[in-house]
Amino acid sequence: MIGDVSGKGVPAALFTGMFVSNMVLAVEHDDVGEALARSLHGYLEDAEMFASVAALKFHPDGRFQYLNMGHPPIYIRRASGAVETLKATAPPLGTFRLPGYPLREGRLQAGDLLCLYTDGLSEAERETPGGTELFGLARLEAVLHGQVTREGTFREIMRQLRGWTITDDFTLALVQYNPEAA
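Residues numbered from 1 in each chain as written. Predicted model: local features only at pLDDT ≥ 70, side-chain atom pairs only at ≥ 80, totals over all residues. Heavy atoms only, no water.

1. Some thoughts on the sheet that holds strand β4 (residues 74–77)
Part 1 of the reasoning: Sheet architecture is open: four strands sit in the order β5-β4-β7-β10, paired in antiparallel fashion. Sheet topology places β5 (83–86) and β10 (172–176) at the edges, where each strand pairs with a single neighbour. Strand-to-strand twist across the sheet, computed as the mean angle between neighbouring axes with direction ignored, equals 20°.
Part 2 of the reasoning: In terms of strand pairing, strand β7 (residues 113–117) meets β10 through five bridges, oriented antiparallel. Looking at the pairing, L113 lines up with Q176 of β10.
Part 3 of the reasoning: Across the face of the sheet, helix α4 (residues 136–145) comes into contact with β4, β5 and β7 while running at roughly 25° to β4. (Pairing = 2+ DSSP bridges. Helix = DSSP H or I, 4+ residues; strand = E, 2+ residues; numbered from the N terminus. Axes fitted to C-alpha atoms, helices over the stretch in contact; angles between N-to-C directions. Contact = heavy atoms within 4.5 Å.)

2. Some words on the packing of helix α1 (residues 9–26) against helix α2 (residues 32–46)
Part 1 of the reasoning: Axis separation between α1 and α2 bottoms out at 9 Å; the angle between their running directions is 155°. By the angle between their axes, α1 is roughly antiparallel relative to α2. Crossing geometry of α1 relative to α2 is assigned as right-handed. Residues F15, M18, F19, N22, M23 and A26 of α1 touch α2, and the partners they reach there are V32, A35, L36, S39, L40, Y43 and L44.
Part 2 of the reasoning: When grouped by side-chain class, the residues that make up the contact of α1 with α2 number 11 nonpolar, two polar and no charged. (Parallel < 35°, antiparallel > 145°, perpendicular 65-115°, else oblique. Left-handed = near helix turned anticlockwise from the far one by under 90°. Nonpolar A, V, L, I, M, F, W, Y, C, P; charged D, E, K, R; others polar.)

3. Here we look at the sheet that holds strand β3 (residues 63–69)
Part 1 of the reasoning: The strand order β1-β2-β3-β6 describes an open sheet built from four strands, whose pairing is antiparallel. The open sheet has two edge strands, β1 (2–5) and β6 (104–107), and neither has a second partner. Pairwise comparison of adjacent strand axes, ignoring direction, gives a mean angle of 20° for this sheet.
Part 2 of the reasoning: Examined bridge by bridge, strand β2 (residues 51–58) and β3 share six bridges and lie antiparallel to one another.

Listed below in structure tokens is the structure:
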């Protein structure tokens, strides 16, 4: 799981603590989204805050289920070099509660790379003569197209971030499927 709570300061820190402790319990349920919504939605709504989350459940044979509750897209860079996008499947927690949050399915092949991140990456900024420019999703996708390994992808993302200002939380998780290790 990867998530992000809206806001800054003490209120966001308190909800982050609640969010993390509830994530640990939610993964034990068949409907992870419903478990999170049941425990957090009312608190977030009352505080006029929201939280995004991307959750994945992996199987040794490469199958996975995922839920994306208003989080930035999850990318899969296939071993072939193609990049696929797993967009949001539900609204962020604290916005619109749904009756259920079914998991979607996918499959990884040997060498496929998953890229999960928080918006601190895509919203990194720099000043240009034309105004403020964001790092953006297109730049991230271009890095994914040009890399083969998890390590190379990480190094290239970090290299390209030089000169950019990260103004929000920044988390990056890269997972490469290796069936021999599964």
